[in-house]
Amino acid sequence: MSSQNEADENVVHANITSVHVHPDWDPEAIKFDADLAILVLSHNITFTNFIRPVCIPGDSVLHTESGVMDTEGTVVGWGLTDNGTQADVPRQASVQALNDSFCYQSDPAMASYSSNRTFCGGFGDGSPQFGDSGTGFYVLSDNVWVQYGIVSAMRTNRTGFVIRNSMAVYSNVKAFKPWIVETVQQTDGEVGESMMTIKLNCTFGFNEESHYECWLKDLDVRRENVFVNGIGGSHFHGKSNDDIEYLQLDSGSMTYVPNGIGRIFRNLNTLKIAPKLGARVIRRSHFRNMKNLGELDIFENDIETLDADLFWDLPNLEVFHLEGNKITELHGSTFEKNEKLKYIVLKLNLRLEVLPEILFQNNLLLEEVTLPRNNLRAIPEQMFETISKLKMVDLALNMLEHLPKDLFKNNVHLEFVDVGGNFLQTLDDTIFETCTKLTNVYLHSNRLQFLPGNLFKNNLFLETILLSDNRWRSIAENLFEHNAQLHIVLLASALLTDLPLNLFVNNSRLELVDVSENSIRTIAAPIFENNVQLLHINLSTNMLENLPSQLFERNLLLTRIDVSHNSIKHLDEQIFATNSQLEMIALSSNQLQSLPGKIFILCYVMLYNLLLSTIELGRNSLATLDVEIFETNLRLERIFLNNNRLESLSSKLFSKNLLLKIVDFSDNSLVSIEFDFTKLNHIRLISFQNNVCIKRTFDMPYLHTESLRNLMEFQNVLRQNCSSPSRLR
């Protein structure tokens, strides 16, 4: 090592009050990788031009290139000189950090002194000597000295001197960082980590709420402790960094959030970390000087942990949205200091299995807690106990098997509960008893085999109940007795064999009923007679053989009826007679062999089904169609008659349906087609796949002239191939 010529100046003497030796230190061991201690001084030392701090490494690593690490360090010490005398002034040497495998292949004897907490150094202009053990391996980074290593073991010759320019083993300070930080903090000290400064460029503008914003694009922050020392970009006239309320870290690569953002944007209200930046770690220090921050959003990154004190410097935080990350746990004190918090969204984190009971005990203003798509297996009974203002709880798509009966006992303002997509088998009949303002309950996609008849008796304002995809075979007739405001009921995909006659008798405001995918064989004619505002009825995929002619008689506002995938053989001509607002009728996949000629004509009050735009009659056994069956459906756009037994189409069949866009007659037995499709100027698709006389599908382009040309060519094909005598009556 070469000597420093400048003598020590301004020496400060201080007593040592305590010594903290690393617990792994063993003077008898061969390996000396834990040869370090922390000394606590009796008083603070003031930094001067002669006394400067050294930082410990952040989470960046020493990179290798061709076997040799590309980081050069400096070793300084008071060890022996080359002639064996004690150095009067500290000496220094430049040393290269080496790849371990390269190092120990070059000098196998040094391998015995190494461990996973050391690194190797050599190939410099000198090497440590006796007396230099314990000194540091320092790297100058952005005008700050960072200590990466501690001299641990050196190679000696037969005389006991360190071989000049030989390899040496260094304890890796980064490997001991947790112990160093914890020990220093326990003694009321503070650890400084190495920083790298960068300048970021903003794209300035205004968002939809007219807030002045900055979008940071093409980020490249792949190491910890990066400090933002400036922002580039052109501000709008009269604006400055102090006017920025909305900041989005938008594109590029960002393993760590850069420090110092709050120092530059002092009035920041919203901070968003965009998807797929690769963010892995967020620290409390990243939010320094952001006391005005009201919203923090982090989408689809790789965050695995949230420190217990992460948000403690954000007293005005109202919205926290963490979606699509890898959180495994939350500390009970995570939101302890965020007393203004109103909305929490922890969604699609997938690994979150438990929640601390005290997680929200200080968040008395919380209105929404959204925790869907995690791995939650249980919810503590006291979880929401202190949140009297709570309006929404979303626990969908977790792994919950049970809900405590008093879970919502104190949430008298609760309006929305979603526990769909879990493994619930039972519900206590009092779970919603105190939630008198409840409007939406989602219990779909669970394993419920029974619902208490009085489950919703106190929920007089209920509007939507989702109960689909469960395992009940019957449903209590009084289940909706007290829910006069009910608009939507979904009972699809269960094991129901019938519907109680009076199930909907008190639900006059009902708009949608879905009981599809059950095993219902019969349905009583009066079941919907009190539901005069009903818009949509789905009875598909059941075992119905008959529909009573008066089934929809009182439902004058119906727009959609789906009874496909049943076993219906016959329909009464009057079944849709009063439904003048119908837009879609689905009758596909039944056993219909014929249709009454006036089934789609509203003759009860001398009107027509003028709004009907879609009719699905595919997968039946229709052999003939009345030529006037669609005559009054002037707005018909889509007709599906595929998979039937039709042999011919009359020239009058669609003569009044000039708005037709899609016509499907595939998989029939057509030999005669007399209708002239060139009359349909709006047609986009005609399918005659798998028929006798023609087996083609014609997909028309949207350009009018080209469509007309194709239609004429298509019509010529029909004339040539499908001109046998009509059999339609």
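For the structure itself, consult the block above.
Figured I'd write up the structure that's included with this text.

## Re the overall build of the chain
Phase 1 of the analysis: Across its full length, the chain carries four helices and 37 strands.
Phase 2 of the analysis: Taking 27 Å as the expected radius of gyration for a compact globule of 729 residues, we find that the chain reaches 39 Å, considerably beyond that expectation.
Phase 3 of the analysis: Considered along the principal axes of its C-alpha atoms, the chain spans approximately 120 × 65 × 60 Å.
Phase 4 of the analysis: Buried residues in the chain amount to 48% of all 729 residues.
Phase 5 of the analysis: Looking at the chain alone, contacts between residues at least 24 apart form 61% of all its contacts between residues at least 6 apart.
Phase 6 of the analysis: As displayed, the chain offers around 34300 Å² of accessible surface, 47% of which is attributable to carbon and sulfur atoms.
Phase 7 of the analysis: Looking at the chain, you have 61 positive and 88 negative side-chain charges, and the mean spots of the two groups are 7 Å apart.

## Side note on the state of the cysteines
Phase 1 of the analysis: For the structure on display, the rule yields two disulfides.
Phase 2 of the analysis: Between C693 and C722 runs a disulfide, and the two sulfur atoms are separated by 2.1 Å. One disulfide, between C693 and C722, carries an S-S torsion of 100° and so falls in the right-handed class. With C693 in the loop between β36 (685-687) and β37 (697-699) and C722 in the segment after α4 (704-721), this pair connects stretches of sequence that are 29 residues apart.
Phase 3 of the analysis: For C693, a relative accessible area of 13% gives the class buried.
Phase 4 of the analysis: Given a relative accessible area of 0%, C722 falls into the buried group.

## Some details on the environment of V671
Phase 1 of the analysis: One can find V671 in the loop between β34 (662-664) and β35 (672-673).
Phase 2 of the analysis: Counting along the chain gives 47 residues from V671 to L718, while the straight-line C-alpha distance between them is 10.0 Å.

## Looking at the environment of S94
Phase 1 of the analysis: With respect to the helices and strands, S94 occurs in strand β6 (residues 91-98).
Phase 2 of the analysis: Spatially, the C-alpha atom of S94 lies 20 Å from that of Y104, the residues being ten residues apart in sequence.
Phase 3 of the analysis: S94 has contacts with E72, G73, G124, D125 and G126, leaving out every residue within four places of it along the chain.

## Quick look at the pattern of salt bridges
Two side chains that carry opposite charge are able to pair once their charged atoms sit near each other.
Phase 1 of the analysis: All told, the structure shown has twelve salt bridges when counted by the stated rule.
Phase 2 of the analysis: One salt bridge in this structure joins D307 and R283, with 3.5 Å as the shortest N-O distance. Taken together, the residues span a long stretch of sequence, with D307 in the loop between β18 (295-299) and β19 (319-323) and R283 in the loop between β17 (270-273) and β18 at a distance of 24 residues.
Phase 3 of the analysis: Judged by relative accessible area, which is 25%, R283 ranks as partly exposed.
Phase 4 of the analysis: Between E637 and R638 there is a salt bridge, with its nearest N and O atoms 3.2 Å apart.
Phase 5 of the analysis: You can call R638 partly exposed: its relative accessible area is 26%.
Phase 6 of the analysis: Shared partners join several salt bridges into a network, and the residues in it are R284, D309 and D313.

## Observations regarding helix α2 (residues 177-186)
Phase 1 of the analysis: Taken as a whole, α2 has its buried residues at K177, W179, I180, V181, T183 and V184.
Phase 2 of the analysis: The inward-facing, buried residues of α2 abut β2 (16-21) and β3 (37-41).
Phase 3 of the analysis: Backbone geometry just after α2 places D188 at a positive phi near 65°.

## Thoughts on the side chain of T183
Phase 1 of the analysis: The residue T183 is located in helix α2 in this model.
Phase 2 of the analysis: Overall, the relative accessible area of 5% leaves T183 in the buried class.
Phase 3 of the analysis: Beyond its immediate chain neighbours, meaning those up to four positions away, T183 contacts H20 and I38.

## A word on a nonpolar patch on the surface
Phase 1 of the analysis: There is a patch of nonpolar side chains on the surface, built from I16, V19, V21, W25, L39 and L41 and spanning about 510 Å² of accessible area.
Phase 2 of the analysis: Mapped by element, the contributors of at least two residues to the nonpolar patch are β2 and β3.
Phase 3 of the analysis: Top contributing element to the nonpolar patch by residue count: β2, with three residues.
Phase 4 of the analysis: Tracing the chain through its elements places L41 in strand β3.

Rules of the game
Residues numbered from 1 in each chain as written. Predicted model: local features only at pLDDT ≥ 70, side-chain atom pairs only at ≥ 80, totals over all residues. Heavy atoms only, no water. Helix = DSSP H or I, 4+ residues; strand = E, 2+ residues; numbered from the N terminus. Rg over C-alpha atoms; globule rule 2.2 N^0.38 Å. Buried < 20%, exposed > 50% of the residue type's maximum accessible area, 1.4 Å probe, protein only. Contact = heavy atoms within 4.5 Å. Areas by Shrake-Rupley, 256 points an atom, 1.4 Å probe, with all protein chains shown as cover. Lys, Arg positive; Asp, Glu negative; His and termini not counted. Charge placed at Lys NZ, Arg CZ, Asp CG, Glu CD. Disulfide = S-S within 2.5 Å. Salt bridge = Lys/Arg side-chain N within 4 Å of Asp/Glu carboxyl O. Patch = residues over 30% accessible without salt bridge, like charges linked within 9 Å, V, L, I, M, F, W, Y side chains within 5 Å.

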